[in-house]
Amino acid sequence: MSIAIIGGTGLSKLDGFVLEKSHQVITPYGETSSPILSGHFDDTPVYFLARHGSPHQIPPHRINYRANIWALKSLGVKKVISVNAVGGIAEHMGPSHINIPDQIIDYTYRRNGSFCDDDKGMPMHIDFSDPFDEELRKIIIVQLKKLNLDSSMGGVYACTEGPRLESAAEINRLEKDGCDIVGMTVMPEASLAREKDIAYVSLSVVVNKAAGRSEKIITMDDIEEALKTGMANMHQLLRQSLPYV
Ligand code: HPA
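All values reported here derive from a predicted model rather than from experimental measurement. (Residues numbered from 1 in each chain as written. Predicted model: local features only at pLDDT ≥ 70, side-chain atom pairs only at ≥ 80, totals over all residues. Heavy atoms only, no water.)

Visitor: An account of the overall build of the protein chain is requested, with residue identities and associated values reported.
Guide: When its secondary structure is counted, the protein chain shows five helices and 11 strands. Here the C-alpha atoms of the protein chain give a radius of gyration of 17 Å, agreeing with the 18 Å that 2.2 N^0.38 yields for 245 residues. Dimensions of the protein chain, computed from the C-alpha atoms along their principal axes, are close to 45 × 40 × 30 Å. Per-residue burial over the protein chain gives 53% buried out of 245 residues. Counted over contacts in the protein chain with a minimum sequence separation of 6, partners at least 24 positions apart contribute 81%. Accessible surface, the protein chain: about 11,200 Å² in total, of which carbon and sulfur atoms supply 50%. Positive and negative side-chain charges of the protein chain, numbering 25 and 31 respectively, have mean locations separated by a distance of 2 Å. (Helix = DSSP H or I, 4+ residues; strand = E, 2+ residues; numbered from the N terminus. Rg over C-alpha atoms; globule rule 2.2 N^0.38 Å. Buried < 20%, exposed > 50% of the residue type's maximum accessible area, 1.4 Å probe, protein only. Contact = heavy atoms within 4.5 Å. Areas by Shrake-Rupley, 256 points an atom, 1.4 Å probe, with all protein chains shown as cover. Lys, Arg positive; Asp, Glu negative; His and termini not counted. Charge placed at Lys NZ, Arg CZ, Asp CG, Glu CD.)

Visitor: Summarise the site of the ligand; cite the residues concerned and give the values.
Guide: By nearness alone, every residue bordering the ligand is listed as Ala85, Val86, Gly87, Leu165, Glu166, Val182, Gly183, Met184, Val207 and Asn208. At a separation of 3.4 Å, a nitrogen atom of the ligand approaches a polar backbone atom of Ala85. The backbone of Gly87 places a nitrogen or oxygen atom 3.3 Å from a nitrogen atom of the ligand. Residue assignment for the shell around the ligand shows that the elements contributing at least two residues are β5 (79–88), β10 (181–183) and β11 (199–209). The leading source of residues in the shell around the ligand is β5, at three residues. When the residues that make up the shell around the ligand are grouped by side-chain class, the tally is six nonpolar, three polar and one charged. (Near = heavy atom within 4 Å. Polar contact = N/O pair within 3.5 Å; in protein donor to acceptor, adjacent residues only side chain to side chain. Nonpolar A, V, L, I, M, F, W, Y, C, P; charged D, E, K, R; others polar.)

Visitor: Pulling in residues and values, what's your account of the pattern of salt bridges?
Guide: With the rule as written, the count across this model stands at nine salt bridges. Residues Glu161 and Arg111 are paired through a salt bridge, measuring 3.4 Å at the closest nitrogen-oxygen approach. Highlighted residues: Glu161 in the loop between β9 (156–159) and α3 (168–177) and Arg111 in the loop between β7 (103–106) and α2 (134–146), separated in sequence by 50 residues. Side by side, Glu161 and Arg111 carry an identical accessibility label, which is buried. (Salt bridge = Lys/Arg side-chain N within 4 Å of Asp/Glu carboxyl O.)

Visitor: Provide a residue-level description of the state of the cysteines, including the pertinent values.
Guide: In this structure the tally under the stated criterion is zero disulfides. Free cysteine: Cys159, not disulfide-bonded; nearest cysteine sulfur from Cys179 at 10 Å. Note on Cys159: relative accessible area 0%, which makes it buried. You can call Cys179 buried: its relative accessible area is 3%. (Disulfide = S-S within 2.5 Å.)

Visitor: I'd like a rundown of the side chain of His235, residues and numbers included.
Guide: Summarising the element assignment, His235 is placed in helix α5 (residues 220–241). Taking relative accessible area as the criterion, His235 reaches 10% and is therefore assigned buried. Separated by 2.9 Å, the side chain of His235 and the backbone nitrogen of Asp15 make a polar contact. In contact with His235, not counting residues within four places along its chain, are Leu11, Lys13, Leu14, Asp15 and Phe41.

Visitor: Go over the pairing of strand β1 (residues 3–7) with me, naming the residues and quoting the values.
Guide: Most of β1 sits inside the fold, with five of its five residues counted as buried. The alternating pattern of β1 places Ile3, Ile5 and Gly7 and Ala4 and Ile6 on opposite faces, both of which are buried. Judged from the four bridges that link them, β1 and β5 form a sheet pairing that is parallel. By the bridge assignment for β5, Ile3 is matched with Lys79. When β1 meets strand β4 (residues 44–50), the two strands line up parallel, connected through four bridges. Each residue of the ladder has a partner; that of Ala4, found in β4, is Tyr47. (Pairing = 2+ DSSP bridges.)

Visitor: Now, about the environment of Gly94: what can you tell me, with residues and values included?
Guide: Tracing the sequence through the fold places Gly94 in the loop between β5 and β6 (98–100). Classification of Gly94 as buried rests on a relative accessible area of 14%. For the pair Gly94 and Pro55, spaced 39 residues apart in the sequence, the C-alpha separation amounts to 27 Å. If we skip the residues at most four places from it in the chain, Gly94 touches Val206 and Lys209.

Visitor: Residues and numbers for the packing of aromatic side chains, please.
Guide: Taken as a whole and assessed by the stated rule, the structure comprises three aromatic pairs. On the basis of an interplanar angle of 45 degrees and a centroid distance of 6.4 Å, the ring pair of Phe17 and Phe48 is categorised as tilted. A residue pair is termed long-range when its members are at least 10 positions apart, and Phe17 in strand β2 (residues 17–23) and Phe48 in strand β4 qualify at 31 residues. Like Phe17, the residue Phe48 is buried in the burial classification. Between the aromatic rings of Phe132 and Tyr200, the centroid separation amounts to 6.3 Å while the plane-to-plane angle is 20 degrees, which identifies the pairing as stacked. Separated by 68 residues along the polypeptide, Phe132 in the loop between β7 and α2 and Tyr200 in strand β11 bring together distant segments of the chain. Using a relative accessible area of 2% as the deciding quantity, one classes Tyr200 as buried. Across the ring face of Phe115, the terminal group of Lys196 is positioned such that the distance to the ring centre comes to 4.7 Å. (Phe/Tyr/Trp six-rings, centres within 6.5 Å; stacked < 30°, edge-to-face > 60°. Lys NZ or Arg CZ within 6 Å of the ring centre and 35° of its normal.)

So this is what it looks like as structure tokens:
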């Protein structure tokens, strides 16, 4: 079994996942967000990790990204499909829109972002020109195009520190930087995966218009509402894609 799904906000459980085993991996970095589950999603063997814990309790800036990626690697994972809830910056990215980003700008500032600190033998300067695995992206894009979902392929993911949402001025700045979506969880997850030679792709689901991009303030109720449709669509996409990954 070499594929793992890391579920974010709204996806701490995979409907249709048949659990076989729960792995409490001991890592040099401490505890993973939750036990890593192995089982089948439809007919595909997969690992599943709830990034924010199960139940959802760990905020983005407190996630032990190093423990999570280290543990997945130790189980033999070669490919990670990461599901991320995001705010939409680009005009056409409203609630429930799915985007498969191809670039990242990292605005986080207080996270442990590398295994290089103490994991001897780690390459110091990984190539990160294309932060997401192109092969994995292409496979999922082919499947996404078959589904009649509000979606787009390619975009720049801004990763902010959180846990607060951004100010409108911050979003204006991110837009000027070329960002299309904004979330808090892809970094350093994506670069840690690259350090461990794990192919990584993000399936990002818009759950709100980013700050200052709609008349209304952003409420958790509105986010929850968008998550329902967004994650139902995400299940369809995962179901459709996994046999080809
Ligand atoms: N900003 C940052 N992260 C997010 C947002 C947002 O608007 N929505 C969901 N995750």
